[in-house]
Amino acid sequence: MAEQENKSQEETDLNKLIIYGAVYGKADVTLKCRSLINTDTHSLQTDASNKVFGDSWLNNKKSLVVIAGYGGKVATYIAEEGNSLSIFQDGFKGVAPSNNYGAMNILGGSYGLKDVTNQVQALYGTYTQSGVKVPVFVQGANNTAFGDGWPNVVKTLVTVFRLGPADPTNKYGGNVYVSITEENGTLTV
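Numbers given to residues run from 1 along each chain, matching the order in which its sequence is written. This being a predicted model, a pLDDT of at least 70 is required before a residue's local features are given, and a value of 80 or more before pairs of side-chain atoms are given or counted; all residues contribute to the totals for chains, interfaces and linings. The side-chain figures draw on all heavy atoms in the structure; neither hydrogens nor water molecules are used.

### Examining the overall build of the chain
What counts as a helix is a DSSP run of H or I of at least four residues, what counts as a strand is a run of E of at least two, and both are numbered from the N terminus. On a plain count of helices and strands, the chain comes out with five helices and 14 strands. Counting only contacts in the chain whose residues sit at least 6 apart along the sequence, the fraction spanning at least 24 positions is 61%. Only the protein chains shown count as cover for residues, and all accessible areas are computed by the Shrake-Rupley method using a 1.4 Å probe. Total accessible area computed for the chain in this model is approximately 10,200 Å², and 47% of it derives from carbon and sulfur atoms. Contacts are assigned to residue pairs that have any heavy atoms within 4.5 Å of one another.

As structure tokens, then:
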């Protein structure tokens, strides 16, 4: 009976929306987005606006980037300032991220209004220090590297990653970090 109850709890957990990271402009708004989750429907509906998230980047157009998941799968959602963003389990099309020990596991990435998760994953590497492989990522945040999907707007490169494997005791996966790099800056991890 206890085994059946545990399985039911696991299945319930798989249906819950998890926000791994969220950025509005140049601000990490992960906790704010988590607080906006509708716990009855396990969904998120919000406006990408200064009213909701504050104006972290005066006189610049902003985007809201949310890296979210259901059941171990993750997807990147992006909304331009002034638009709304909705995440529902029905129709969710995420992918299972890498879960490698001792590695940087990219959960999602965006540059301006463009999902660049696959590009960021391809740029990741390692170097060996004292016989141990160490994750390393160095990338310029620029239109040459990621394309100009939002012409005439200064953009940010948003990267959400986990160091090492997911921690099953932590509902957010544990060791999850959010990095925000302004256009023409360099992200070094």
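### Focus on the nonpolar core
Here the nonpolar core consists of buried residues drawn from Ala, Val, Leu, Ile, Met, Phe, Trp, Tyr and Cys, with membership extended through side-chain atoms lying within 4.5 Å. Here the term buried applies to any residue with accessible area under 20% of the maximum for its type, exposed to any over 50%, and partly exposed to those in between, with areas from a 1.4 Å probe on protein chains only. By size, the foremost hydrophobic cluster in this structure holds 21 residues, and its most contacted members are Ile19, Leu64, Val66 and Ile87. Broken down by secondary-structure element, the contributors of at least two residues to this core are strand S1 (18–24), strand S4 (63–70), strand S5 (73–80) and strand S6 (84–87). For this core, the leading source of residues is S4, giving four residues. Beyond its immediate stretch of four places on either side in the chain, valine 66 contacts Ile19, Gly21, Ala22, Cys33, Leu44, Ala75, Thr76, Tyr77, Leu85 and Ile87.

### Describing the confidence of the model for the chain
Confidence of the predictor in every single residue is expressed as pLDDT, which spans 0 to 100. For the chain, per-residue confidence averages 83 on the pLDDT scale, and 77% of positions sit at 70 or higher. Low pLDDT, under 50, characterises residues 1–12; the predicted model gives this stretch zero contacts beyond four residues in sequence or across chains.

### Section: the sheet that holds strand S13 (residues 176–182)
When DSSP finds two or more bridges between a pair of strands, those strands are recorded as paired. The sheet built from four strands is open, its strands ordered S8-S7-S12-S13 with antiparallel pairing. At either end of the open sheet lies a strand with only one pairing partner, and these are strand S8 (114–115) and S13.

### Some thoughts on the pairing of S1
A large share of S1 lies buried, amounting to seven of its seven residues. Note: S1 against S4, six bridges, orientation antiparallel. The residue bridging alanine 22 from the neighbouring strand is valine 66, located in S4. Where S1 meets strand S2 (residues 27–28), two bridges bridge the pair, whose relative direction is antiparallel. When the sheet's bridge partners are listed, valine 23 is paired in S2 with aspartate 28.

### Structural notes on the sheet that holds S5
Pairing within the open sheet is antiparallel, and its four strands lie in the order S2-S1-S4-S5. For this open sheet the edge positions go to S2 and S5, each flanked by a neighbour on one side alone.

### What about the environment of glutamine 121?
Looking at the secondary structure, you find glutamine 121 in helix H4 (residues 117–123). Linking glutamine 121 and phenylalanine 161, residues 40 residues apart in sequence, is a C-alpha distance of 9.8 Å.

### Details of the side chain of serine 49
Along the polypeptide, serine 49 turns up in the loop between strand S3 (44–47) and helix H3 (50–53). Judged by its relative accessible area of 17%, serine 49 is buried. Not counting chain neighbours up to four residues away, the residues in contact with serine 49 comprise Tyr24 and Gly54.

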